[in-house]
Amino acid sequence: MKILYAVQGTGNGHITRAIEIIPYLQQKGEVDILVSGIQADIELPFEVKYKFNGLSFIFGKKGGVDFWKTFVKLNSIKLLKEIKKINLKSYDLIISDFEPVSCWAAIKAKKTCIGLSNQVATLHPLAPKPKKQDIIGKLVLQNYAPTTYNYGFHFKRLDGTIFTPIIRKEVRQLVPTDEGHYTVYLPSYDDAHIIKRLEKLNTVNWQVFSKHNKKKITLDNITIVPINGDLFLKSMASAKGVLCNAGFGTASEALFLKKKLMVIPMKKQYEQYCNAEMLKEMGVPVIKKFNADTLPKIKKWLENDTIVEVDYPDNTEEIVNLIVENHAGSKKMDTGFESSNYNLFQ
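Given the structure is predicted, the values throughout are model-derived calculations rather than measurements.

**Student:** Hey, could you go over the overall build of the protein for me, with residue numbers and the actual values?
**Tutor:** Counting secondary structure elements, the protein contains 13 helices and 14 strands. The burial tally for the protein puts 56% of its 346 residues in the buried class. When contacts within the protein are restricted to residue pairs at least 6 apart in sequence, those whose partners lie at least 24 apart make up 68%. Surface summary for the protein: the accessible area is close to 16200 Å², and the carbon and sulfur share equals 51%.

And the structure:
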């Protein structure tokens, strides 16, 4: 069997999940890997057959996506060329982790494409949605990487198609401790903004991992550290708590390690608003903005030692087996929840 596994390269969660999934797919057949996007800090330890620009969202410095930089980086002609470049005829199974080139190429080739990501889980009928509707954000999420059938991951299992998070082996092997500091990962805010807020909360030490700085800086109770996977895991494993965006990967790992967690959804990111709703239902405190007005809420969180209990078993092999059993050979099965696709080639 020949499999195409396509991974979104914007953000580290997709890559770390792929590292766990790919070895199980390789047990099922020959696997070609496609990666598109330019924002991840982690490299895949596998040969990548296709590397594309795709459609990357560029992190800003004020809490959201920098849409101007995203627009400047977008090359629609190149994207269409990338879509047309892939010949999918030889693949018995196409799986996309929110990767758009493979999805649109599958539509063009009239091939079944299986969605496997947190993003598709947020669209599931049983997944909580924000009270304030974001019609444009939802449309983008639905049509950015359209798939035929969906299997996904959320902070708790919803049904037979939505599973608990895949926790990478490096995290499962960690021995959590409490050295009293708080780990911070807010890549959509610049360091000056973060320091301005955290210096007001000087009763604890903060270890801030930054996409915007290339050297380590220590300012009183705040340490700014350039992104480093090993150092980040060490910091999180020994932290008292974690303050991060409402992205899926870091929040899942913090919950698994039984850390206090507070999240700030990235602005104009519909899936993060959906993630935040699920986390709020589970008892995780959520703040909408990271500014002077929300400092009292962060201070209250620091004073409260409540930890949200979760059970995240290692279910990676189970998920891969289910998808292969149901969809290998592109046979249509009444499994997985279906998506509506809009074909720009017609």
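From this point, things continue past the structure.
**Student:** So, the sheet that holds strand β9 (residues 206–210): which residues are in play, and what are the values?
**Tutor:** One open sheet accounts for six strands, arranged β10-β11-β9-β8-β12-β13; its pairing is mixed. Both outer strands of the open sheet, β10 (217–219) and β13 (260–264), are each paired with one neighbouring strand and no more. Pairwise comparison of adjacent strand axes, ignoring direction, gives a mean angle of 15° for this sheet. Where strand β8 (residues 182–185) and β9 come together, three bridges link them in parallel fashion.

**Student:** Quick one: what's the story with the packing of aromatic side chains, residue by residue and with numbers?
**Tutor:** For any pair of aromatic rings, geometry is given as the distance between the ring centres together with the angle between the planes. Applying the stated criterion to the full structure yields eight aromatic pairs. With centroids separated by 6.0 Å and ring planes inclined at 25°, the aromatic side chains of tyrosine 50 and phenylalanine 52 adopt a geometry described as stacked. In this structure, tyrosine 50 and phenylalanine 52 share a single accessibility class: buried. Ring centres of tyrosine 189 and phenylalanine 290 lie 5.6 Å apart, and the angle between their planes is 75°; this geometry places the pair in the edge-to-face category. Taken together, the positions of tyrosine 189 in the loop between β8 and α8 (191–198) and phenylalanine 290 in the loop between α11 (270–282) and α12 (295–303) put the pair 101 residues apart, joining distant regions of the chain. Overall, the relative accessible area of 3% leaves tyrosine 189 in the buried class. An aromatic cluster of three or more residues is present, and its members are Tyr182, Trp206 and Trp301.

**Student:** So what's going on with the side chain of threonine 122? Residues and values would help.
**Tutor:** Counting through the fold element by element, threonine 122 comes out in helix α5 (residues 118–122). At 2.6 Å, the side chain of threonine 122 and the backbone oxygen of glutamine 119 are in polar contact. Among all residues touching threonine 122, those that are not within four sequence positions of it are Ala127, Lys129, Leu141, His154, Glu271, Cys274 and Asn275.

**Student:** Describe the pairing of strand β2 (residues 30–36), and please don't skip the residues or the numbers.
**Tutor:** As a general feature of sheets, a regular strand has side chains that alternate between the two faces. When you tally the buried positions in β2, you get six out of seven residues, the bulk of the element. As defined by bridge partners, strand β1 (residues 2–8) adjoins β2 across seven bridges and the pair is classed as parallel. If you follow tyrosine 5 over to β2, its bridge partner there is isoleucine 33. Between the parallel pair β1 and β2, the chain is carried across by helix α1 (residues 12–26), and the sense of this crossover is right-handed. As paired elements, β2 and strand β3 (residues 50–52) share three bridges and run parallel to each other. Bridging from a neighbouring strand, serine 36 pairs with phenylalanine 52 of β3.

**Student:** Requested: an account of the environment of arginine 197, with residues and values cited.
**Tutor:** Mapped onto the elements of the fold, arginine 197 is located in helix α8. Take arginine 197: its relative accessible area is 13%, and that puts it in the buried class. Between the C-alpha atoms of arginine 197 and phenylalanine 290, which are 93 residues apart in sequence, the distance is 7.6 Å. Residues in contact with arginine 197, not counting those within four places in the same chain, are Phe290, Asn291, Ala292 and Leu295.

**Student:** How would you summarise the pairing of strand β12 (residues 241–245) if you had to cite specific residues and measurements?
**Tutor:** Of all the five residues making up β12, five are buried; the element is thus mostly covered by neighbouring parts of the structure. Here four bridges tie β8 to β12, and the two strands are oriented parallel to one another. Bridge assignment links tyrosine 185 to a residue of β12, and that residue is cysteine 244. As for the winding sense of the linkage, the β-α-β connection from β12 through helix α10 (residues 248–256) to β13 is right-handed.

**Student:** Which residues make up helix α9 (residues 229–237), and what values go with them?
**Tutor:** Within α9, the full set of buried residues consists of Phe232, Leu233, Ser235, Met236 and Ala237. The inward-facing, buried residues of α9 abut α7 (169–172), β8, β9, β12 and α10. Where α9 starts, the residue carrying a side-chain oxygen 3.1 Å from the main-chain nitrogen of aspartate 230 turns out to be asparagine 228.

**Student:** Mind laying out the packing of α1 against helix α13 (residues 316–327), listing which residues take part and the relevant values?
**Tutor:** Orientation of α1 relative to α13, taken along the N-to-C sense of each, is 50°, at an axis distance of 9 Å. One finds that α1 runs oblique with respect to α13. With respect to the hand of their crossing, α1 and α13 are arranged in right-handed fashion. Two secondary-structure elements touch here, α1 through Glu20, Ile21, Tyr24 and Leu25 and α13 through Thr316, Glu317 and Val320. Classifying every residue of the contact of α1 with α13 by side-chain character gives four nonpolar, one polar and two charged.

What counts and how
- Residues numbered from 1 in each chain as written.
- Predicted model: local features only at pLDDT ≥ 70, side-chain atom pairs only at ≥ 80, totals over all residues.
- Heavy atoms only, no water.
- Helix = DSSP H or I, 4+ residues; strand = E, 2+ residues; numbered from the N terminus.
- Buried < 20%, exposed > 50% of the residue type's maximum accessible area, 1.4 Å probe, protein only.
- Contact = heavy atoms within 4.5 Å.
- Areas by Shrake-Rupley, 256 points an atom, 1.4 Å probe, with all protein chains shown as cover.
- Pairing = 2+ DSSP bridges.
- Axes fitted to C-alpha atoms, helices over the stretch in contact; angles between N-to-C directions.
- Phe/Tyr/Trp six-rings, centres within 6.5 Å; stacked < 30°, edge-to-face > 60°.
- Polar contact = N/O pair within 3.5 Å; in protein donor to acceptor, adjacent residues only side chain to side chain.
- Right-handed = clockwise from strand over helix to strand, strands pointing away.
- Parallel < 35°, antiparallel > 145°, perpendicular 65-115°, else oblique.
- Left-handed = near helix turned anticlockwise from the far one by under 90°.
- Nonpolar A, V, L, I, M, F, W, Y, C, P; charged D, E, K, R; others polar.

Interpretation note: all reported values are geometric properties and have no functional meaning in isolation.
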